[in-house]
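# Chains, contacts and geometry: an overview
So you can see what is in the structure, the chains are spelled out below.
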Amino acid sequence: MMSLAWLTERPIAHRGFHDLNRSVWENTLTAFARAAEAGFSIECDLQYSADAMPVVFHDDDLGRICGIRGDVRQRMAGELGLLPVGGTADRIPTLRQLLSLVAGRVPLVLELKGRRNEDDGFAMAVVEAVENYEGPVALMSFDHWLLKDLKETGTDRPVGLTAEGLAPEELAAHEAAMQLGLDFVSYNYRHLPNAFVTRQRALGRPVLTWTVCDDEGRTRTALHADQMTFEGFDPREALTA
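Read on for an overview of the structure. (Residues numbered from 1 in each chain as written. Predicted model: local features only at pLDDT ≥ 70, side-chain atom pairs only at ≥ 80, totals over all residues. Heavy atoms only, no water.)

## Some thoughts on the overall build of the protein
Test applied: Helix and strand assignments come from DSSP, with helices taken as H or I runs of at least 4 residues and strands as E runs of at least 2, each series counted from the N terminus. Exposure classes here rest on a 1.4 Å probe applied to the protein chains alone. A residue is buried below 20% of its type maximum, exposed above 50%, and partly exposed in between. Residue contacts are defined here by distance: any two heavy atoms, one from each residue, within 4.5 Å place the two residues in contact.
A tally of regular secondary structure across the protein gives 10 helices and 9 strands. Principal-axis analysis of the C-alpha atoms gives the protein an extent of 50 × 45 × 35 Å. Among the 241 residues that make up the protein, the fraction classed as buried is 54%. Taking as baseline every contact in the protein between residues at least 6 positions apart, the subset at least 24 positions apart corresponds to 58%.

Following this line, the structure appears as structure tokens:
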């Protein structure tokens, strides 16, 4: 198994080191630059534009972030790159813009946001974008079909399952996904501990948590996982006096 020590050695800034969209918005180049300067790893979301480009955006709809209605996947990457994020000077970035900005300074954890039967070429487009990138990158998704597609590309980047849940059928589905040959897990900290995550750690697979906003999340991560994905605070500072 490849060494993934870099994946857990530092806290991971959820959608970049933003300030809960007060002045520095999620999934923007400003939030990513701020994370890199602070030495935090970066987690972000990838959508697939109408011209088959991976872009950094979480929601399916543009409304919450850009103030206009419309499906992000129905727009070209160039058009998305003109849309202001939260009324700021930031625009929706492409994956290649993120890679150029970070330039290997901190690890990247990229989550692919899938849509069943609409993701042809998505995994390969992401893998091709990061193929010659000189820096640590991990790829992950909730969507099992995208995980399968990622593994079938033959990428040497680690691929992980994003997941949550405590019901037996959910844990069984997670176990099935790991049979694809996945390398790590990112799990909802509120659903720890559980037998699935305990087993993955026993097998030597790193476990990240999402999304930690308070001391409870930090404590659960310390007890039951290997590193946290955080937002809304600076991990270098204590949350409570």
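## As for empty space enclosed by the protein
Filter applied, for reference: Computed over the protein atoms alone on a 1 Å grid, cavities are sets of points where a 1.4 Å probe fits but cannot get out and pockets are open sets with protein on both sides within 12 Å along at least five of seven lines; a residue lines them when it has an atom within 4 Å of a point. Grid points are joined across faces, edges and corners, and a volume is the space filled by probe spheres set on the points. Polar here means any residue outside two lists: the nonpolar Ala, Val, Leu, Ile, Met, Phe, Trp, Tyr, Cys and Pro, and the charged Asp, Glu, Lys and Arg; Gly therefore counts as polar.
In the structure shown here, the tally under the stated rule is 1 cavity of 30 Å³ or more. For the largest cavity, the full set of lining residues is Glu26, Asn27, Val56, Phe57, His58, Ile65, Val85, Ile92 and Pro93. The class makeup of the residues in the lining of the largest cavity is 6 nonpolar, 2 polar and 1 charged.

## Looking at the environment of serine 49
Stated formally: Side-chain atoms alone can form a polar contact between residues adjacent in sequence; in general such a contact is a pair of N or O atoms within 3.5 Å, and within protein one must be able to donate a hydrogen while the other accepts it.
Its location among the elements puts serine 49 in the loop between strand E2 (41–48) and strand E3 (54–56). Here the alpha-carbon distance between serine 49 and glycine 16, two residues 33 residues apart in the chain, equals 21 Å. Excluding anything up to four places from it in sequence, serine 49 contacts Val55, Arg73, Arg75, Met76, Ala77 and Leu80. At 2.5 Å, the side chain of serine 49 and the side chain of aspartate 51 are in polar contact.

## Digging into the packing of helix H8 (residues 168–178) against helix H9 (residues 195–202)
Cut-off, in case you're wondering: Axis definition: a line fitted to C-alpha atoms, limited for helices to the stretch in contact. Angles are taken between N-to-C directions and run from 0 to 180 degrees. In these notes the angle categories are as follows: under 35 degrees is roughly parallel, over 145 is roughly antiparallel, 65 to 115 is roughly perpendicular, and the rest is oblique.
At their nearest, the axes of H8 and H9 sit 9 Å apart, and the two run at 25° to each other. Relative to H9, the element H8 is oriented roughly parallel. Within the contact between the two elements, H8 uses Leu171, His174, Glu175 and Met178 and H9 uses Phe196, Arg199 and Gln200. Tallied by class, the residues present in the contact of H8 with H9 amount to 3 nonpolar, 2 polar and 2 charged.

## Details of the packing of aromatic side chains
Let me state the cut-off plainly: In this scheme Phe, Tyr and Trp rings, the latter by its six-membered ring, pair at centre separations within 6.5 Å, and the angle between planes marks the pair as stacked below 30 degrees, edge-to-face above 60, and tilted otherwise.
This model, assessed by the stated rule, comprises 7 aromatic pairs. Taken together, a centroid distance of 5.8 Å and an interplanar angle of 80° make the contact between phenylalanine 142 and tryptophan 210 edge-to-face. Placement of phenylalanine 142 in the loop between strand E5 (137–141) and helix H7 (144–152) and of tryptophan 210 in strand E8 (residues 207–212) is noted, with a sequence separation of 68 residues between them. The class for tryptophan 210 is buried, based on a relative accessible area of 19%. Taking 6.0 Å as the distance between ring centres and 40° as the angle between the ring planes, the aromatic pair formed by tyrosine 187 and phenylalanine 196 counts as tilted. Residue classification places tyrosine 187 among the buried residues on the basis of a relative accessible area of 0%.

## Here's the deal with the pattern of salt bridges
Any two side chains of opposite charge can pair if their charged atoms end up close together. Inclusion rule: Any Lys or Arg side-chain nitrogen located within 4 Å of an Asp or Glu carboxyl oxygen qualifies as a salt bridge.
Summed over all chains, the structure comprises 17 salt bridges. Of the charged contacts in the structure, one is a salt bridge between arginine 115 and glutamate 118, with a shortest N-O distance of 3.8 Å. Its relative accessible area of 14% is what places arginine 115 among the buried residues. A relative accessible area of 45% means that glutamate 118 is categorised as partly exposed. A network of salt bridges, in which partner residues are shared, links Arg15, Glu26, Asp45, Asp59 and Arg64.

## Quick look at the packing of helix H6 (residues 122–130) against H7
This is how the line gets drawn: When the near helix sits turned anticlockwise from the far one by under a right angle, the crossing is termed left-handed; a clockwise turn instead gives a right-handed crossing.
Between H6 and H7, the shortest axis-to-axis distance is 8 Å and the interhelical angle comes to 50°. Taken together, the axes of H6 and H7 lie oblique to each other. The interaxial crossing formed by H6 with H7 has right-handed handedness. When H6 is examined against H7, the residues Phe122, Ala123 and Val127 are found in contact with a partner set consisting of Leu146, Asp149 and Leu150. Considered class by class, the residues forming the contact of H6 with H7 number 5 nonpolar, no polar and 1 charged.

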